[in-house]
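This is what each chain is made of:
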Amino acid sequence: QVQLVESGGGLVQPGGSLRLSCAASGFTFSRYVMSWYRQAPGKERELVATISTSGGSTSYVDSVSGRFTISRDNDKNTVYLQMNSLKPEDTAVYYCNARRVGLFEYWGQGTLVTVSE
């Protein structure tokens, strides 16, 4: 069955770094656009970063541009989110999303990132 399993979340101090991973299985990973979303307490889920099927194109929400980097390894069926210079406002549950435009969409269970002293 389809699975997206996120890992790498945790507690980090402001200015620190974390690397999230999302391991995919049960579908043809290389055919799916991959994204990271996040949802902070009391807020709506927002799109953070997206990467094309080949990895050649990426996009970011303005609030993380220059600090976060999305990447993928199609041989390992894994997408990553490198998060640097973390701020308290980055605190959220981060979700992995796989989308084949017009066809299918899958979500992971989420991993909690807490940025605090």
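Use the structure listed above.
Conventions used here
Residues numbered from 1 in each chain as written. Predicted model: local features only at pLDDT ≥ 70, side-chain atom pairs only at ≥ 80, totals over all residues. Heavy atoms only, no water. Helix = DSSP H or I, 4+ residues; strand = E, 2+ residues; numbered from the N terminus. Buried < 20%, exposed > 50% of the residue type's maximum accessible area, 1.4 Å probe, protein only. Polar contact = N/O pair within 3.5 Å; in protein donor to acceptor, adjacent residues only side chain to side chain. Contact = heavy atoms within 4.5 Å. Phe/Tyr/Trp six-rings, centres within 6.5 Å; stacked < 30°, edge-to-face > 60°. Lys NZ or Arg CZ within 6 Å of the ring centre and 35° of its normal.

## So, the side chain of Thr78
One can find Thr78 in strand 8 (residues 78-83). According to the relative accessible area criterion, Thr78 is buried, its value standing at 9%. Among the polar contacts made by the side chain of Thr78, one reaches the main-chain carbonyl oxygen of Lys76 at a distance of 2.9 Å. With residues near it in sequence (within four places) discarded, Thr78 still touches Ser21, Cys22, Ala23, Phe29, Ser71, Arg72 and Asp73.

## Concerning the environment of Phe68
Among the structural elements, Phe68 can be located in strand 7 (residues 68-73). In this structure the C-alpha to C-alpha distance between Phe68 and Arg45, which are 23 residues apart in sequence, comes to 17 Å. Those residues in contact with Phe68, other than ones at most four positions away along the chain, are Arg38, Val48, Tyr60, Leu81, Gln82, Met83, Asn84, Leu86, Asp90 and Tyr94.

## Side note on the packing of aromatic side chains
Summed over all chains, the structure comprises five aromatic pairs. Ring pairing ties together the aromatic residues Phe27, Tyr32, Phe104 and Tyr106, which thus form one cluster. Over the face of the ring belonging to Tyr95 we find Arg45, whose NZ or CZ atom lies 3.8 Å from the ring centre. Over the ring of Trp107 we find Arg45; its NZ or CZ atom is 4.6 Å from the centre of that ring.

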